[in-house]
Amino acid sequence: MFDHVVFGVRDYEKSREFYLKVLEPIGVAVVSEGELGIELSSDGKSSLCIRRKLEKNPAHLHLAFVAENRAQVQSFYRIALEIGAEDNGGPGLRPNYSDQYYAAYVIDPDGHNIEMVCHEDMS
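Residues numbered from 1 in each chain as written. Predicted model: local features only at pLDDT ≥ 70, side-chain atom pairs only at ≥ 80, totals over all residues. Heavy atoms only, no water.

**Q** Help me understand the overall build of the protein chain in this model?
**A** Looking only at helices and strands, the protein chain features two helices and nine strands. Taken from N to C terminus, the helices and strands of the protein chain fall in the order β-α-β-β-β-β-α-β-β-β-β. For 123 residues, the compact-globule estimate of 2.2 N^0.38 gives 14 Å, and the protein chain sits close to it at 14 Å. In terms of its C-alpha atoms, the protein chain occupies a principal-axis envelope of roughly 50 × 30 × 25 Å. A buried classification covers 45% of the 123 residues belonging to the protein chain. The long-range share in the protein chain, meaning contacts at least 24 apart out of those at least 6 apart in sequence, stands at 54%. Put simply, the protein chain has 12 plus and 20 minus side-chain charges, and the middle of one group is 5 Å from the middle of the other. (Helix = DSSP H or I, 4+ residues; strand = E, 2+ residues; numbered from the N terminus. Rg over C-alpha atoms; globule rule 2.2 N^0.38 Å. Buried < 20%, exposed > 50% of the residue type's maximum accessible area, 1.4 Å probe, protein only. Contact = heavy atoms within 4.5 Å. Lys, Arg positive; Asp, Glu negative; His and termini not counted. Charge placed at Lys NZ, Arg CZ, Asp CG, Glu CD.)

**Q** What am I meant to see in the environment of Leu61 here?
**A** Here Leu61 is to be found in the loop between β4 (47-51) and β5 (62-67). You can call Leu61 partly exposed: its relative accessible area is 23%. With 53 residues separating them in the primary sequence, Leu61 and Ile114 have C-alpha atoms 8.3 Å apart.

**Q** Just to check I follow, could you spell out the pattern of salt bridges for this structure?
**A** Where charged atoms from two side chains of opposite charge come close, those side chains can pair. One pass over the structure, following the stated rule, counts four salt bridges. Taking the shortest distance from any N to any O, the salt bridge between Arg16 and Glu33 comes out at 2.8 Å. Here Arg16 is found in helix α1 (residues 12-22), whereas its partner Glu33 is found in strand β2 (residues 29-33), with 17 residues between them in sequence. (Salt bridge = Lys/Arg side-chain N within 4 Å of Asp/Glu carboxyl O.)

**Q** Looking at this structure, I do not really get the packing of aromatic side chains. What am I missing?
**A** The way to describe two aromatic rings as a pair is by their centre distance and the angle between their planes. Across all of its chains, the model carries three aromatic pairs by this definition. Judged by centre distance (5.9 Å) and plane angle (65°), the rings of Phe7 and Tyr19 are edge-to-face. With Phe7 in strand β1 (residues 4-8) and Tyr19 in helix α1, this residue pair connects regions lying twelve residues apart in the sequence. Just as Phe7 is buried, Tyr19 falls in that class too. Between Phe18 and Tyr19 the ring centres are 5.0 Å apart and the planes differ by 85°, which places this aromatic pair in the edge-to-face class. (Phe/Tyr/Trp six-rings, centres within 6.5 Å; stacked < 30°, edge-to-face > 60°.)

Written out as structure tokens, the structure reads:
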């Protein structure tokens with residue numbers, strides 16, 4: 001998991017809605033929201049901070065969120081595609097990383113590669 005990640009977006013409202021919906025399966029909710037943007041967290045220890053437009057073209061990045069189980073990965077992926085995200089790799093094992101690396105990838109409204117991964121031992 002991460003401590004915090006901060007990035008700017010072109011369309012704040014669209015990105016706000018996207019992240020609140022796709023991260024709902026892992027309990028992510030609004031911690032605070034103000035002039036700068038929004039802070040989201042599921043545990044109060046790590047957070048995702050989405051800032052209103054900071055520059056003309058925000059840099060692309062990769063975010064990997066931790067899921068507790070494979071159902072959460074599947075739910076994340078399904079919801080993301082339903083609300084218009086671009087597929088970047090459906091739910092499944094990624095044995096090139098490890099035998100328990102179960103992940104799905106989507107491209108968010110700003111072109112960022114967003115991953116949900118579960119390291120649940122299914123043996």
